[in-house]
Amino acid sequence: FIRTMEDSAEVDIVESLFDALRADNRASFVTWGGEFRDLPVLRRCATEHSLLLPEQLRNLSPHAGERVDLCRAVAGLADNAHLGEYAAALSIPAKPIAASSIGKLVERSEWTPVREQCLADTLATALIAVRHWVALGQITCDQMATDLAIVDAAHAAEPHREFVTRTLKPWVRWRNARHRLKGVVY
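Just so it is clear, the model here is predicted, and its values are computed rather than measured. (Residues numbered from 1 in each chain as written. Predicted model: local features only at pLDDT ≥ 70, side-chain atom pairs only at ≥ 80, totals over all residues. Heavy atoms only, no water.)

Moving on, we come to the overall build of the chain. In terms of regular secondary structure, the chain is built from nine helices and two strands. In the chain, the order of α-helices and β-strands from amino to carboxyl end is α-β-α-α-β-α-α-α-α-α-α. The C-alpha radius of gyration computed for the chain amounts to 17 Å, which stays within 12% of the reference 16 Å derived for 186 residues, consistent with globular compactness. Looking at the chain as a whole, 38% of its 186 residues are labelled buried. As presented, the chain carries roughly 11,000 Å² of accessible surface, and 55% of it is formed by carbon and sulfur atoms. Mean positive and mean negative side-chain charge positions of the chain (22 and 24 charges, respectively) differ by 6 Å. (Helix = DSSP H or I, 4+ residues; strand = E, 2+ residues; numbered from the N terminus. Rg over C-alpha atoms; globule rule 2.2 N^0.38 Å. Buried < 20%, exposed > 50% of the residue type's maximum accessible area, 1.4 Å probe, protein only. Areas by Shrake-Rupley, 256 points an atom, 1.4 Å probe, with all protein chains shown as cover. Lys, Arg positive; Asp, Glu negative; His and termini not counted. Charge placed at Lys NZ, Arg CZ, Asp CG, Glu CD.)

Parts of the model with low pLDDT should not have their predicted coordinates read in detail. For the chain, per-residue confidence averages 92 on the pLDDT scale, and 96% of positions sit at 70 or higher. For the chain, per-element mean pLDDT is lowest for helix α9 (residues 162-180), which scores 89, and highest for helix α2 (residues 38-48), which scores 97. (pLDDT = per-residue confidence, 0-100.)

The phi torsion of most residues other than glycine is negative, and most of the peptide bonds are trans. In this model, Ser50 sits at a positive phi of 55°, which is unusual for a non-glycine residue. Looking at the element boundaries, Ser50 is found in the loop between α2 and α3 (55-58). A positive phi angle, near 55°, is found at Ser109, a position not held by glycine. Within the secondary structure layout, Ser109 lies in the loop between α6 (102-107) and α7 (111-135).

Here the focus is the pattern of salt bridges. Summed over all chains, the structure comprises 17 salt bridges. Here the residues in one salt-bridge network are Glu6, Asp7 and Arg115, joined through shared partners. (Salt bridge = Lys/Arg side-chain N within 4 Å of Asp/Glu carboxyl O.)

The following block contains the structure:
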C-alpha cells in the first residue's frame, strides 16, 4: 500500500504505480497539488528509466480529464489551499506530522513517520475526492458508508498504522454515531 525508498528503488515505486493505473485505464489519477509536484517527478522518472506513461498521465494539459488535481479543482482562481487546511475545514483528520518536517525525516531515513504521513495524505485525498465528486453531481453515495469503506480498506491494507487505528477509525465511528442521533447535536 505505502512504499518508500526504505524498501524499494524509485523506479520500482513508479513502475508499481504505473501498473496499478494500467490495470484500470478508466481510473482517475487523483492528487492534491500533483500537477505541480507529483507529475513532473513521475514524468522525469519515466523518461530516465524508459517507462511508458499510463494513459492517465500522457495528456500534458493540467486540465486533462484523465486525472484530477483536487487542490486546483477546489481552489478555482483563489490561492491554492494546503491539504491539511482544506481537510480541517471539512473536519477530516490529516497531517499527523507537520508537512515542513517530512523532508528532514526522509534525509534521516526515518521511514515510519514518512509512511504515516503518506498514508494520511492519501486517505485525506480520497475522502475529499468523494465529497468533491458528490458536490459536482458526478457520483451519489452514502457518505457515512463510503467513509467507513475507505477507512476499513486502509485498515485491512495497513493494520498497524497508527494514523488509521488511532485517528481515522475513531473519527469514522464518531461521525457514524453522531449521524444516527436525532434532533440537534451540540
